[in-house]
Amino acid sequence: MALKDDVLFELSVADGYVSGEQLAEKYNKSRAAVWKAINALKKDGCEISAVTNRGYKIAPDNSVILPAAISKNLERDIPVIFLKSVDSTNTYAKRLLADGRQGEFLVVANEQTAGRGRQGKSFYSPASTGVYFSLVLRPEASVGNAVSVTTAAAVAVCSAIEEMTDKNPKIKWVNDVFVDGRKICGILTEATTDFESGNVDSVIIGIGVNIKTKAFPDDVEGAGCLDADVNRSEFIAKTVNGLLKIKAGDYSPFIDYYRSHSLVLGQEILFTENGRVNRATALEIDERGGLVVRLRDGEVRTLRSGEISVRKLKT
């Protein structure tokens, strides 16, 4: 590991200032080498304050993602794998699982070059303006269905937003998070199955949130950003802590919150199923996250399929 990375780690886990002398002694380097490492970190965008006779300290609202800071704020000891750039955190996690990676882990990237969303859609993931991560869980109980997992993930994102900002996030079924009328978050849940038993071996929950992203490609419609000054490392940790609560398979604590933040309940909606567009009224969210709707002919149905898209009708 380069001295720059060692210094970044020490500053990210420290509660206060760390002197250049301490850093030099710990890593058997000169003070000049430490100073060069500090300047290199600043060029990378890391906000570091320096005070004579006290040392160096990372700004609390630092926008650079720090793996050590994520780990420090996690409620459970989970390995954090940080990548400056990757095709997709979900895809990378799947590769690690295929190569025999055991246990639970978190993959975080500063940029995705081929971010993936639901139904084969892409998720625009430029460097340094959002958070992109995938949490791999080993369920202790049945994970129910994909709708249940993704509703819980949407709640975890919204809870982190409300805790760290004054924003009022809303959820469009199944898992699109909106702020100020625009989509700011994408969630993709995938499961791997044990070949012999047929049981779910792991669940990959991929999340991308536009924190400061404002310039989008022409083919990206309706996207927005949180547009708030948040510590990205802390935001990731808070969201992951929320996700860890679904491991036991109990989704009941999430449902009331999910319902209260719904964009579609009581609204007329369109949903597409098997290529056919249907018109209905959104009635309620059931205990497993399914959307209960009434069709125009009076039939009441519960939507669960991940291939159904729902959008609020324009007025």
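Each remark here, short or long, concerns the structure printed above.
Within any chain, residue numbers begin from 1 and follow the written order of that chain's sequence. Where local features are concerned, this predicted model is filtered to residues with pLDDT of at least 70; where side-chain atom pairs are given and counted, the filter is 80 or more; whole-chain, interface and lining totals use all residues. The basis for the side-chain values is all heavy atoms of the structure; hydrogens and waters are excluded.

Enquirer: Any chance you could explain the overall build of the protein chain here in plain terms?
Expert: Per the convention used, a helix needs a DSSP run of H or I reaching at least four residues, while a strand needs a run of E reaching at least two, with both numbered from the N terminus. Along the protein chain, the regular secondary structure elements total eight helices and 14 strands. Here the term buried applies to any residue with accessible area under 20% of the maximum for its type, exposed to any over 50%, and partly exposed to those in between, with areas from a 1.4 Å probe on protein chains only. Looking at the protein chain as a whole, 50% of its 315 residues are labelled buried. The contacts of the protein chain with a sequence gap of at least 6 include a subset with a gap of at least 24, amounting to 62%. Accessible areas in this description were obtained via Shrake-Rupley with a 1.4 Å probe; residue shielding takes into account the shown protein chains only. Within the structure as shown, the protein chain displays about 15,700 Å² of accessible surface, and the carbon and sulfur contribution to it stands at 46%. Contacts were defined at the residue level, with two residues in contact if any of their heavy atoms lie within 4.5 Å.

Enquirer: Explain the environment of Leu 106 to me, please; I cannot follow it from the model alone.
Expert: With respect to the helices and strands, Leu 106 occurs in strand β4 (residues 105-109). A C-alpha to C-alpha distance of 9.2 Å links Leu 106 and Thr 89, two positions 17 residues apart in sequence. If near-sequence neighbours (up to four positions away) are discounted, Leu 106 is found in contact with Ile 70, Ile 78, Pro 79, Val 80, Ile 81, Phe 133, Ser 134, Leu 135, Ile 236 and Val 240.

Enquirer: I keep staring at the side chain of Arg 232 and nothing clicks. Help me out?
Expert: Considering the arrangement of structural elements, one finds Arg 232 in helix α7 (residues 232-243). One buried charged residue, Arg 232, forms no salt bridge at all, with the nearest opposite charge on Glu 47 at 9.6 Å. In protein, a polar contact means a hydrogen-donor-capable atom and an acceptor-capable atom, both N or O and within 3.5 Å, with residues adjacent in sequence counting only if both atoms are side-chain atoms; elsewhere, any N or O pair within 3.5 Å suffices. Of the polar contacts made by the side chain of Arg 232, one reaches the backbone oxygen of Gly 130; its length is 2.7 Å. As used throughout, the charge tally considers Lys and Arg to be positive and Asp and Glu to be negative, leaving His and the chain termini uncounted. A carboxyl oxygen of Asp or Glu within 4 Å of a side-chain nitrogen of Lys or Arg is what we treat as a salt bridge.

Enquirer: Help me understand the pattern of salt bridges, please; the structure alone is not making it clear to me.
Expert: Pairing between side chains of opposite charge can happen when the charged atoms of each approach one another. Enumeration according to the criterion identifies 18 salt bridges in this entry. Among the ionic pairs, Lys 172 bridges to Asp 176, the shortest N-O distance being 3.8 Å. Since its relative accessible area comes to 14%, Asp 176 is described here as buried. The partner of Arg 259 in a salt bridge is Glu 287, and the shortest N-O contact between them spans 2.9 Å. Here Arg 259 is found in helix α8 (residues 252-260), whereas its partner Glu 287 is found in the loop between β11 (276-285) and β12 (291-295), with 28 residues between them in sequence. When salt bridges with common partners are traced through the structure, they connect Lys 94, Arg 116 and Glu 190 into a single cluster.

Enquirer: Where do I start with the sheet that holds strand β9 (residues 200-210) in this structure?
Expert: Pairing between the strands of a sheet comes from backbone hydrogen bonds, and it takes one of two forms, parallel or antiparallel. Read across the sheet, seven strands follow the order β3-β4-β5-β9-β8-β7-β6 without closing on themselves; strand pairing throughout is mixed. Edge strands, defined here as strands with exactly one partner in the open sheet, are β3 (80-83) and β6 (170-172). Pairwise comparison of adjacent strand axes, ignoring direction, gives a mean angle of 20 degrees for this sheet. Two strands qualify as a pair provided that DSSP identifies no fewer than 2 bridges between them. In this sheet, β9 lies alongside strand β5 (residues 130-137) in antiparallel orientation, the contact comprising eight bridges. Paired with Leu 137 across the two strands is Val 203, which belongs to β9. Running at roughly 30 degrees to β5, α7 makes contact with β4, β5 and β9 of the sheet. Whenever a helix is involved, its axis is fitted only over the stretch in contact; in every case the axis is a line through C-alpha atoms, and angles between N-to-C directions fall within 0 to 180 degrees.

All quantities given are derived from atomic positions and should not be read as evidence of function.
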